[in-house]
Amino acid sequence: MSSEFRLNGLIVCLPDAAVDDYVGVIETLIQEGLTTFALPATAQDFSEVLGIFGARATFGAYRVSAVDQVSTVIDAGARFVFADVDGDPVDAAVERGVACYAAAMTPTEVRRVLDGRATGALLWPADVVGHAIGARFAEIGLAERVIPLGGIGAYAAGEWLKSGSPAVCIDTTLIGDAFTGGSLVQLRDRCGSFVTVRDKHAAG
């Protein structure tokens, strides 16, 4: 694995859950063409999920805040890390040759992260600042190393991609109630608008 690995398109950030719940949701998402996922670093079944789906999808970890978490998720097969803090966790991921994005919110914080060792910045929470800031990041040459996360709908995802962000994290707006007894058929239906946005952007 190499830090040259770069994320692109849509990354589905899943909540902590039991492995049986993950199986149904992830299988549905893969069938609909969404194949990059991030699980919480503390997810109890992290390794088992990657063992089941690792050959068909790319996985990473988010909410990473400690060096030991970095080692655990990379040993399990994570290809990327979303760190809550800059510093030691980022250094640990970089030294293992894995792409690492450190959390930031303001342009000043983003610049600080990008001046360090991180592959890029994870803009969180993106729904607070809004997708319009993506164009501002593009104006100052930062967009291509910024990945937003938090409450992003399909339209906003498209705007982030148009602004130059290489990838966009989607979570509750797509997942909805899928992990609390909701219909997987409805989850499948929700995938459509996100996949359309991604494919339209990829087609140029």
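Summary of the structure given here. Computed from a predicted model, the values in this text were never measured in an experiment.

## A look at the nonpolar core
Taken as a class, soluble globular proteins show a tendency for nonpolar side chains to be buried jointly. Counting residues in each nonpolar core, the largest one holds 65 residues, and the members touching the most others are Leu 14, Leu 29 and Leu 174. The greatest single-element share of this core, amounting to six residues, is contributed by helix H1 (residues 19-31). Those residues in contact with Leu 29 that lie beyond four places of it in its chain are Val 12, Leu 14, Leu 34, Phe 37, Leu 174, Ile 175, Leu 187 and Cys 191. If you look at the next biggest cluster of nonpolar residues, it comprises 15 residues, including Ala 38, Ala 99, Tyr 101 and Ile 147.

## Describing helix H3 (residues 67-76)
Where H3 is concerned, the buried positions are Gln 69, Val 70, Val 73 and Ile 74. In a view along the axis of H3, the buried residues occupy a sector of 125 degrees, so they form one face of it. Turned more than 90 degrees away from the buried face of H3, the exposed residues are Asp 68, Thr 72 and Asp 75. Those residues of H3 hidden inside the fold are in contact with helix H2 (46-53), strand S3 (58-64), strand S4 (80-83) and helix H4 (88-95). Phi turns positive one or two residues past the end of H3, at Gly 77, with a value near 120 degrees.

## Here's the deal with the sheet that holds strand S2 (residues 36-40)
The parallel open sheet is built from eight strands, whose spatial order is S7-S6-S5-S4-S3-S2-S1-S8. Taken across any chain shown, the strands that pair with only one partner, and hence form the sheet edges, are strand S7 (146-148) and strand S8 (167-170). Across the sheet, the mean angle from the axis of one strand to that of its neighbour is 25 degrees, orientation sign disregarded. As paired elements, S2 and S3 share five bridges and run parallel to each other. Considered in S3, the bridge of Leu 39 is made with Ala 61. Where H1 meets the sheet, its contacts fall on strand S1 (9-13), S2 and S3, and the angle it forms with S2 comes to roughly 155 degrees.

Scoring rules and cut-offs
Starting afresh in each chain, residues are numbered from 1 along the sequence in its written order. Per-residue local features are limited, in this predicted model, to residues with pLDDT of at least 70; the limit for side-chain atom pairs, both in listing and counting, is 80 or more; totals at the level of whole chains, interfaces and linings are taken over all residues. To get the side-chain values, all heavy atoms of the structure are used, and hydrogens and water are removed first. Take the buried Ala, Val, Leu, Ile, Met, Phe, Trp, Tyr and Cys residues and link them wherever side-chain atoms come within 4.5 Å; each set so joined is a nonpolar core. Residue exposure (1.4 Å probe, protein chains only): buried if accessible area is under 20% of the type maximum, exposed if over 50%, otherwise partly exposed. Note on conventions: DSSP H or I runs of at least 4 residues are helices, E runs of at least 2 residues are strands, and numbering of each starts at the N terminus. Contact definition: two residues touch when any of their heavy atoms are within 4.5 Å. Directions pointing from the helix axis toward each C-beta atom define the arc. Only strands joined by at least two bridges in the DSSP assignment are considered to pair. Every angle, taken between N-to-C directions, lies between 0 and 180 degrees, and every axis is a line fitted to C-alpha atoms, over only the stretch in contact when it is a helix.

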